[in-house]
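Chain residues, written in single-letter form:
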Amino acid sequence: MGTQRRAGIGRRQVLGVLGAAGVLGVVPVGWAGPARAADGAARVRANTVAVFAGTAESNSRTETAAKRAAVERTARTNLAALDAASGDGELFAGLPLGTSDPNLNTTFQRLYEIALATRAPGLPADLYGSTAVQDRVLDGLQWLHTHYYGDQAAGYYGNWFTWEIGISQHVTRTLVLLSDRAPAALVTAYLASMDAYLRNGKDGDVDLDSRFHTGANLADITTNRILQGALTADEARIRKALTDQLTVFATVDPYHLRHGVTDGYYADGSFLQHASVAYTGSYGKGLLSRVVQTLKILDGSGFAHGDELVPVVHGWVRDGFAPLIFEGWMMEAVKGRAVSRTGTGYDDVAVIVEAVVDLASLSDGDPARALKSYVKHVREASRTPLDPTAFVSPLSIVRYADLLADATVPAADLNPPARSVAFNAMDRTVHRRPGYAFTLSRSSARISKYEYMSGENLMPWFQGDGAHHLYLSGQDQRQAYGVDHLTTVSPYGLAGVTAPVEHRDTVPQAYGGELFYDNPDHPLNFTASSESQNTYVYFPTATGTYSGGAVLGAYGAAGWVLTDDVPWRDRRAGILPDDFAAYRSARATRSWFLLDDEIVLLAAGVGDAPGGHRAVTTTLDARIAADGDAVSVTHAAGGDRIRYADATQGTAVGYVRLAGPVATPRLETVTRSRRTVRTSNPDTAVTKQVFSLTVAQRAGARPAAFAYALLPNATAAAVRAYDAVRVLANTPRIQAVRHDGLGLTAANTFTDGTHHTSGLAVAGPASVLVRREGAATSVAVSDPTTGRDTVTVTLRGRALRKVSGDDAVRVSRVPGGTRLDVDTHQAYGRSFTVTLRP
């Protein structure tokens, strides 16, 4: 490493990277020197062993017994496989090496799992502290390096992640666990090889300009390198890795990107990975877990002062994660391709809870109390018990048990009871009420329509086309969503989606069984990890710019225009080859108005794309129930009022037609294999009752417009009596509603020109909410295109003056009313609010 690493890694650079007020001196400016660096490295190694293996104190607790048993069971299983190996091309029986990078990665993982058992206090003596077992692990590492890893010319086949992150993680942790016995030559050899495999980096190190070294991936790589530096007390490696990792703490400013990176957390709580995928529930939770783990590992080492970083991570939990967790379940809309895996939303939240427990231990005062209370809330609200055995660290299990037993800590949600959140930076909207949560997935030229990769999420085409999830309180969400929902509900009939009636091939079907489009000779160089593969196959964006909405207090509006995706556009333009599978979208202009007892859905201009000549179906809602549940679908008022109820689960949703054609309800029994949505899922048949409510249009029909209110948890009487919302406008130019009981008018405008409705004039595309309570008038405005400098709204009636609100809202009197000029320049869809009085 040498002294060249010293240059530029000081307080000024760190501040510039973080760009967050109050984050000072995270990496000390002064260098520790050899003696202090050695002490700090020893502390890092000791902390790491404690995090993963536990301590004598933690492992003596009854709460960690199941974790210890799992560690022992895994180690003994792996040792048996080690004994049974043929010795000819495999280290563990059944894992042939040489061409399969997953097999090689799993081989290293199994060595780590054996090493872990030798450092876990409380395990039997033939494992814990066994030098004989540790020698077997070290011999295995040497054998793998000699035959399957040390030759970089023969390595790096398959997935880049395996070589730059996965194997390095297992090797590094194993060497740390066995650092007092690992031969120096073995450590040196592996460090050199791990550096050499950072082929998307620069000079054997991280490259912040690489699209591979961003977000959660960057946190993984840099954590590995911190631990590697601790193995040899290499302060330069540790400092460089820390400085690189600090970039993930910076809030992404889309107008002033650092290193061109869009991955990470945004001001509105959004999280992106892979440049354009809404990913809080998968890569986001991985990043949260990794950075909290790193803070624990560094504690007391002197290499970094983590106190300044804790508030940043606390903000991620409060603004990014909490809105997306409903009664202990992580919402599907932010899981990318992981939505097709058999793990559940409850499993996802267990990972987050462990991170929050540890974050609370690193915090103090009100932030610590809020985090602890949130953990208790998640535990009490969850409809399935959280199993702390799944936690990575025995220390976390003990902290979690102590927290739950602490009677001075009340359970309290980080969310208020009523909350509407516009994650406009990732085209997601979350609307919460005590009895339900509604999540909306959109797409745009900024955000992907879906994510497919590696045989995961095989039929994703419409997941970002206005699809929604309506979570009902009190239900085990495994019965309503998760992989079984994705398996049994038609991909063309997801709730909220307008889709053409046609067949689409999955990627393996389209390309002869291949998991990606392989065409390296094309000018776009289609290989497994190429940028073209990302752009056109794995996570294509839409072509439209209108996607977003405004929030006023606990109420929200969202608007979106359905457009073609980039692959279809470029296929038509002749940019893509003839054998590339691309599909044309239907057309629709959509709005969602998010109130108390209802979500109001408006659609206009609904039909096929010009010249498409396809029938089109819009699914207003889709729900599943167990095969034996007592499900009923009732009709009233000639089909204008429909109620779905699952008496077994105690759930119900009402649907009231406000305008347009009558929708058709259907209840059918569907059986499909979970492998339908992911090639590596078990071939397990799932049978569900599937309810759908659809509006069908024949081929060649004129564009349609319709409006419906969804009433979560509505009784039959409430459905019959509902008349709270009036539709003011529903065209491709403007969609607006009025709720007299709330004094609320909400409108989305989609085109240039001035749009008029119910005492409101809006210039150009915008999202607007206006609420009158007594003498006060509150207004929220956003620019869903993210490209306007100013949005102008005029309120007709008596002149009003500004009494509070955002500085970006300028208020002036005009003949016949009050004019608001809202500075939306580089606001990225943010809502601006103002309160007015006469």
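Just above sits the structure.
Along every chain, residues carry numbers that run from 1 in the direction the sequence is written. A pLDDT threshold of at least 70 governs which residues receive local features in this predicted model, and a stricter bar of 80 or more applies before side-chain atom pairs are shown or counted, although totals over entire chains, interfaces and linings include all residues. Water and hydrogen atoms were dropped before computing side-chain values, which therefore reflect all heavy atoms in the structure.

Let's talk about the packing of helix H2 (residues 34–53) against helix H11 (residues 280–298)
- Every axis corresponds to a line fitted to the C-alpha atoms, with the helix fit spanning only the stretch in contact, and the corresponding angles, defined between N-to-C directions, vary from 0 to 180 degrees. Helix and strand definitions follow DSSP, with helices as H or I runs of at least four residues and strands as E runs of at least two, each counted in order from the N terminus. Where H2 meets H11, the closest approach of the two axes is 7 Å, and the angle between their N-to-C directions is 130 degrees. Overall, the two elements H2 and H11 adopt an arrangement that is oblique. Along its contact with H2, which presents Arg43, Val44, Asn47, Thr48, Val51 and Phe52, the element H11 presents Gln293, Lys296, Ile297 and Leu298.
- Under the grouping applied here, Gly and all other residues not named as nonpolar or charged are polar, the nonpolar ones being Ala, Val, Leu, Ile, Met, Phe, Trp, Tyr, Cys and Pro and the charged ones Asp, Glu, Lys and Arg. Tallied by class, residues from the contact of H2 with H11 come to five nonpolar, three polar and two charged. Reported orientations rely on four angle classes, namely roughly parallel under 35 degrees, roughly antiparallel over 145, roughly perpendicular from 65 to 115, and oblique for the rest. Two residues qualify as a contact provided that any one of their heavy atoms is within 4.5 Å of a heavy atom in the partner residue.

Observations concerning the nonpolar core
- Residues grouped as a nonpolar core are buried Ala, Val, Leu, Ile, Met, Phe, Trp, Tyr and Cys residues, joined through side-chain atoms within 4.5 Å. Remark: exposure states derive from per-residue accessible area (1.4 Å probe, protein chains only) relative to the maximum for the residue type, with buried under 20%, exposed over 50%, and partly exposed in between. Membership of the largest hydrophobic core comes to 201 residues, with the highest contact counts inside it found for Tyr190, Leu288 and Trp316.
- When residues of this core are assigned to their parent elements, the largest contribution, 10 residues, is made by helix H13 (residues 345–361).
- Discounting residues that sit within four places of it in the chain, Leu288 has contacts with Tyr265, Val313, Trp316, Val317, Phe321, Ile352 and Ala355.
- If you look at the next biggest cluster of nonpolar residues, it comprises 23 residues, including Ala729, Val779, Val781 and Val809.

Some thoughts on the environment of Gln477
- With respect to the helices and strands, Gln477 occurs in the loop between strand S9 (467–472) and helix H16 (483–488).
- Between the alpha carbons of Gln477 and Asp789 there is a distance of 42 Å; along the sequence they are 312 residues apart.
- Non-local contacts of Gln477, meaning those with residues more than four positions away in its chain, are made with Phe326, Trp329, Tyr346, Tyr471 and Leu472.

Things to note about the pairing of strand S16 (residues 631–636)
- One ladder, built from six bridges, connects S16 with strand S17 (residues 641–646); its direction is antiparallel. Within the sheet, the bridge partner assigned to Ser632 lies in S17 and is Ala645.
- Any two strands with at least two DSSP-identified bridges between them are counted as paired. Linking S16 back to S17 in an antiparallel pair, the connection comprises four residues, with Ala637 at a positive phi of about 55 degrees.

Brief notes about helix H15 (residues 394–405)
- With 12 residues, H15 should reach 16 Å at 1.5 Å per residue; the first-to-last C-alpha distance of 17 Å fits that figure.
- Among all positions of H15, only Pro394, Leu395, Ser396, Ile397, Val398, Tyr400, Ala401 and Leu403 are buried.
- Buried residues in H15 make contact with H2, helix H3 (56–59), helix H4 (65–84), H11, H13 and helix H14 (365–381).
- Two N or O atoms count as a polar contact when they lie within 3.5 Å, although within protein this holds only if one can serve as hydrogen donor and the other as acceptor, and sequence-adjacent residues are included solely when both atoms are side-chain atoms. For H15, the N-terminal cap is Ser393; the gap from its side-chain oxygen to the backbone nitrogen of Leu395 is 3.1 Å. The span one expects for a helix is its residue count, reduced by one, times 1.5 Å.

A look at the packing of H14 against H15
- Relative orientation of the contacting elements H14 and H15 amounts to 85 degrees, with a least axis distance of 10 Å. Classified by the angle their axes make, H14 and H15 are roughly perpendicular. Counting all contacts with H14, which are made through Lys372, Val375, Lys376 and Arg379, the residues of H15 involved are Tyr400, Leu403 and Leu404.
- Looking at the contact of H14 with H15 residue by residue, the class counts come to four nonpolar, no polar and three charged.

With respect to the pattern of salt bridges
- Just to be clear on terms, a salt bridge is a Lys or Arg side-chain nitrogen sitting within 4 Å of an Asp or Glu carboxyl oxygen. Evaluated as defined, the whole model comprises 43 salt bridges.
- When the shortest N-O distance is used, the salt bridge between Arg76 and Asp126 registers 2.9 Å. Linking Arg76 in helix H4 with Asp126 in the loop between helix H5 (101–118) and helix H6 (131–149), this pair joins segments that are 50 residues apart in sequence.
- Residue Asp126 is classed as partly exposed on the basis of its relative accessible area, which comes to 43%.
- We note a salt bridge from Arg771 to Glu773, for which the minimum N-O separation is 3.6 Å.
- Each member of the salt-bridge network shares a partner with another, and the members are Asp195, Asp205, Arg225, Arg237, Lys240 and Asp244.

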